[in-house]
Amino acid sequence: MKVAVYIVFAILLASCGNPGVASRPGSPQDVAARYLAENYPGRVALDIDTSDSELATPDAFRVVRGGDGEVRVTSPSAAGLLYGACHLVRMHASGADSADFDAVEVPAYSLRLLNHWDNLDGTVERGYAGRSIWRWDALPDSVSPDIYDYAMRCAAVGINGIVLNNVNASPRVLSAEYLSKVRALADVLRPYGLRTYLSVNFASPAALDSLPTADPLDRDVRRWWDAKVDEVYDSVPDFGGFLVKANSEGQPGPCDYGRSHADGANMLAGALAPHGGIVMWRAFVYSASDADRAKQAYQEFEPLDGDFAPNVILQIKNGPVDFQPREPYSPLFGAMPHTPQMAELQITQEYLGHSNHLAFLAPMWNEFFQYVEPGSLSGIAGVSNVGDNACMTGHPMADANLYAFGRMAWNPRLTPERIADEWTVLHLYGDAAAVPDSVKEGIRRMMLSSHEAVVDYMMPLGLHHIFAFGHHYGPEPWCDVPGSRPDWMPRYYHRADRAGIGFDRTSHGSNAVEQYPDSLRCVFDDIATCPEKFLLWFHHAPWTHRMSSGRTLWDELCFAYQRGVRAVDGFIPVWDAARPWLKDGFYEPVAAKLKVQAKDARWWRDACLLYFSTFSRMPLPEGVEVPEHSLSDYMRVKLPIDNYTCPSDSLLDCYR
Ligand code: BDP
């Protein structure tokens, strides 16, 4: 059956206005029609077509331009029509020739999800853009209008599901009170093609209903979950499933009862299966054992390959430690041929300067996909960077990361260049066609080099996790919190001493390299072939180690830090030159944040180099600026809060 909706821009615009909540559209096809009416000046037919064999998945679409100027979008599903409409608007806005509008697009994944780490009290774990956009307190009676805008932004980049709450999940999210709020949100998100998912706390049966145990093999516990899942589907008939953080960082899980991760996941999978729901079981586990933290997820999960129910997907962070500015890929990817896997990327910048630093993350994710074959994954999840700030992502340029995530979840082979160009044309420039090429090129280069700049001034050459304790904002390679777990301390990771620096994960050290396929294991294991960007991840290298540049490791480290500082200094004139061409609301906040970033970059460089020089006992090479303050000054710096923006020009005045 074909349903056609003809849109005449002028007529619909007149009747469209800005609909209030009551008149919001009811299906993705209605949303598509309205979006086109508001953003595309031509006639478009939206047709459901289930007979097109090239449109292999429900979200796929075809766009064809007819001889009479009318464009026809077809898809097997209403959501696909919405994605097709968004494609059309994107092409039109980017000034593409209408001959290029024609397309057949099939998304790489059917699961393209955002993970909100939103707590029920309105705070957002590792969120730097304000409080939770869901405004839990007001639900279910009142839904914030921001949520409609947000849902449209997600749909426009192809995202198709949202996990509403923090992986450190409160059991209360499954209470009747919260399920009514979840239902209200699901009703709002549905017309935008967004399915609703929840993070659940494994101990919920005990916490919510006082069962004596949450043992996954206990009959009453299983019954509890079966009934609870039925209740969830009564509220949200198209509910997607559960995301679970179990036996990780103090969260309860099946191992508390002597059961395996597979036992726990399969119990939930059994409850969800009759409804078509899935379990996304996170592989982010590590304990304070002697084993190298980078090895633990693999050690725990690889032996379970084949033990999981078919509707369980293992959700694995991109790297083996924890969203560091740069990590090699997690060797669990590809190591479990009988277990569906999905990648978890972090859009919020927990370890990349929060919402103060400009870091365009598409190049980082692109690097991940150089190692992990996109086709080996069943889905992709991104930890959201969204909150209720006026600028939804905290940093106006961080919107580009939300955009990039969605576009890469649709097509992981899109280049960072292409994504940067799309985003700037759609969201940054007022009139893109009028922007001089030199400005466009400057902004493009700034965005594309920004992630590498952050790596350079924070943790170059494979250094990792040398952040300040807790909030992860500034440098604290010396940090030593008495009584704290060693694997939460920077020294565990950098291992600087008189001989050198870096974590020996070679066959002579922790042997984490053995978890990689042979071809890579050999490359990483040998200091002569290990890519220098991963050098100190895999090797404890002597300070005098000769780098490919001919410099010693110490000099190279100093130059990398200096390069990072210079790169950020260079962003400032690029941004100033773009000022006349930017949309309202961009210039001032980003200019102010670039100043903070430039200051923070110096802070990182000076603090780290002063500290590491106490081990290397080598001087700063010529060309590297002399630190402004002493090491003991930097060691006294304590940030009072998360996401701190320094109001003064003097680092020590405001950071102490
Ligand atoms: C770490 C965060 C922590 C999260 C944890 C996770 O610091 O807040 O709860 O990851 O992913 O990166 O579970």
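In what follows, the structure referred to is the one given above.
Fair warning: this is a prediction, and the values are worked out from it, not measured in the lab.

Engineer: Describe the overall build of the chain, naming the residues involved and giving the relevant values.
Structural biologist: Broken down by element type, the chain carries 20 helices and 15 strands. Principal-axis analysis of the C-alpha atoms gives the chain an extent of 75 × 70 × 45 Å. With 656 residues in all, the chain has 61% of them scored as buried. Intrachain contacts of the chain at a sequence separation of at least 6 include 71% that bridge at least 24 residues. Surface accessibility of the chain: about 23,900 Å² in total, with carbon and sulfur atoms responsible for 51%. Positive and negative side-chain charges in the chain, numbering 57 and 81 respectively, have mean positions lying 2 Å apart.

Engineer: Would you mind going over helix α13 (residues 437-458) in detail, with residue names and values included?
Structural biologist: Its 22 residues give α13 an end-to-end C-alpha distance of 31 Å, which sits within 8% of 32 Å, the value for a rise of 1.5 Å per residue. At S450, α13 shows its strongest bend, of approximately 45°.

Engineer: Report on unusual backbone geometry, specifying residues and quantitative values.
Structural biologist: Here L139 and P140 are connected by a cis peptide whose omega angle stands at 0°. Within the secondary structure, P140 is located in the loop between β6 (111-115) and α4 (145-156). Within the chain, F323 stands out as a residue other than glycine whose phi angle is a positive 50°. Counting through the fold element by element, F323 comes out in the loop between β11 (312-317) and β12 (341-346). Here H465, not a glycine, exhibits a phi torsion of approximately 55°, which is positive. Tracing the backbone shows H465 in the loop between α13 and α14 (490-494). Look at H465 and you get buried, because its relative accessible area is 7%.

Engineer: Hey, could you go over the nonpolar core for me, with residue numbers and the actual values?
Structural biologist: Taken as a class, soluble globular proteins show a tendency for nonpolar side chains to be buried jointly. Of all hydrophobic cores here, the largest spans 214 residues; its most connected members are W281, W575 and F612. In this view, F612 contacts L463, I466, P477, H494, A496, I501, W543, W554, L557 and Y561; residues no more than four positions away in its chain are not counted.

Engineer: An account of the pairing of strand β8 (residues 195-200) is requested, with residue identities and associated values reported.
Structural biologist: With five of its six residues buried, β8 lies for the most part within the structure. Bridge count for strand β7 (residues 161-163) against β8 is three bridges, and the pairing is parallel. Note on β8: the bridge partner recorded for G161 is R195. In this region the chain leaves β7, passes through helix α5 (residues 176-189) and returns to the parallel neighbour β8; the handedness of that crossover is right-handed.

Engineer: Would you mind going over the packing of aromatic side chains in detail, with residue names and values included?
Structural biologist: Throughout the structure, instances matching the rule amount to 31 aromatic pairs. Taking 5.9 Å as the distance between ring centres and 65° as the angle between the ring planes, the aromatic pair formed by W478 and Y611 counts as edge-to-face. In this pair, W478 sits in the loop between α13 and α14 while Y611 sits in helix α18 (residues 587-616), placing the two residues 133 residues apart along the sequence. On the basis of relative accessibility, which here comes to 5%, the residue Y611 falls in the buried class. Taken together through their ring pairs, the aromatic side chains of Y329, Y371, Y516, F524, F534 and F538 make up a single cluster. Sitting over the ring of Y286, R293 keeps its end group 3.7 Å from the ring centre. R551 extends its terminal NZ or CZ atom over the ring of F559, reaching a point 4.0 Å from the ring centre.

Engineer: Can you tell me about the layout of surface pockets, naming the residues and giving the values?
Structural biologist: The computed volume of the largest pocket comes to approximately 1,100 Å³. Around the largest pocket, the lining comprises 37 residues; the ones closest to its centre are Y35, D149, M152, R153 and H427. Secondary-structure elements contributing two or more residues to the lining of the largest pocket are α2 (28-39), α3 (78-93), α4, α11 (399-410) and α12 (416-428). Among the elements that make up the lining of the largest pocket, the one with the highest residue count is α4 (seven residues). Class assignment for the residues of the lining of the largest pocket results in 20 nonpolar, seven polar and ten charged. Considered as a void within the structure, the second largest pocket measures approximately 380 Å³ in volume. R126, E249, Y286, D322 and H472 are, among the 24 residues lining the second largest pocket, the residues nearest its centre.

Engineer: Give a description of the site of the ligand that names residues and reports values.
Structural biologist: The local shell around the ligand holds 14 residues, among which E125, K245, R282, K317 and E350 are the closest. N168 is positioned such that a nitrogen or oxygen atom in its side chain is 2.9 Å from an oxygen atom of the ligand. Relative to its unbound accessible surface of 320 Å², the ligand loses 97% to contact with the protein. More than half of the atoms belonging to the ligand lie within 2 Å of the grid points that define the second largest pocket. By residue class, the composition of the shell around the ligand is four nonpolar, two polar and eight charged.

Engineer: Provide a residue-level description of the environment of Y257, including the pertinent values.
Structural biologist: Structurally, Y257 is set in the loop between β9 (241-244) and α8 (261-272). Classification of Y257 as partly exposed rests on a relative accessible area of 29%. Along the chain, Y257 and Y634 lie 377 residues apart, while their C-alpha atoms are 45 Å from each other. Leaving out residues up to four positions away in the same chain, Y257 has contacts with T213, A214, D215 and P216.

Cut-off values and rules
Residues numbered from 1 in each chain as written. Predicted model: local features only at pLDDT ≥ 70, side-chain atom pairs only at ≥ 80, totals over all residues. Heavy atoms only, no water. Helix = DSSP H or I, 4+ residues; strand = E, 2+ residues; numbered from the N terminus. Buried < 20%, exposed > 50% of the residue type's maximum accessible area, 1.4 Å probe, protein only. Contact = heavy atoms within 4.5 Å. Areas by Shrake-Rupley, 256 points an atom, 1.4 Å probe, with all protein chains shown as cover. Lys, Arg positive; Asp, Glu negative; His and termini not counted. Charge placed at Lys NZ, Arg CZ, Asp CG, Glu CD. Expected span 1.5 Å × (residues − 1). Bend = angle between axes of the 7 residues up to and from the residue. Core = buried A, V, L, I, M, F, W, Y, C linked by side-chain atoms within 4.5 Å. Pairing = 2+ DSSP bridges. Right-handed = clockwise from strand over helix to strand, strands pointing away. Phe/Tyr/Trp six-rings, centres within 6.5 Å; stacked < 30°, edge-to-face > 60°. Lys NZ or Arg CZ within 6 Å of the ring centre and 35° of its normal. 1 Å grid on protein atoms, 1.4 Å probe; cavity = no way out; pocket = protein on both sides within 12 Å on 5 of 7 lines; lining within 4 Å. Points joined across faces, edges and corners; volume = space filled by probe spheres on them. Nonpolar A, V, L, I, M, F, W, Y, C, P; charged D, E, K, R; others polar. Near = heavy atom within 4 Å. Polar contact = N/O pair within 3.5 Å; in protein donor to acceptor, adjacent residues only side chain to side chain. Sits in = over half its atoms within 2 Å of the grid points.

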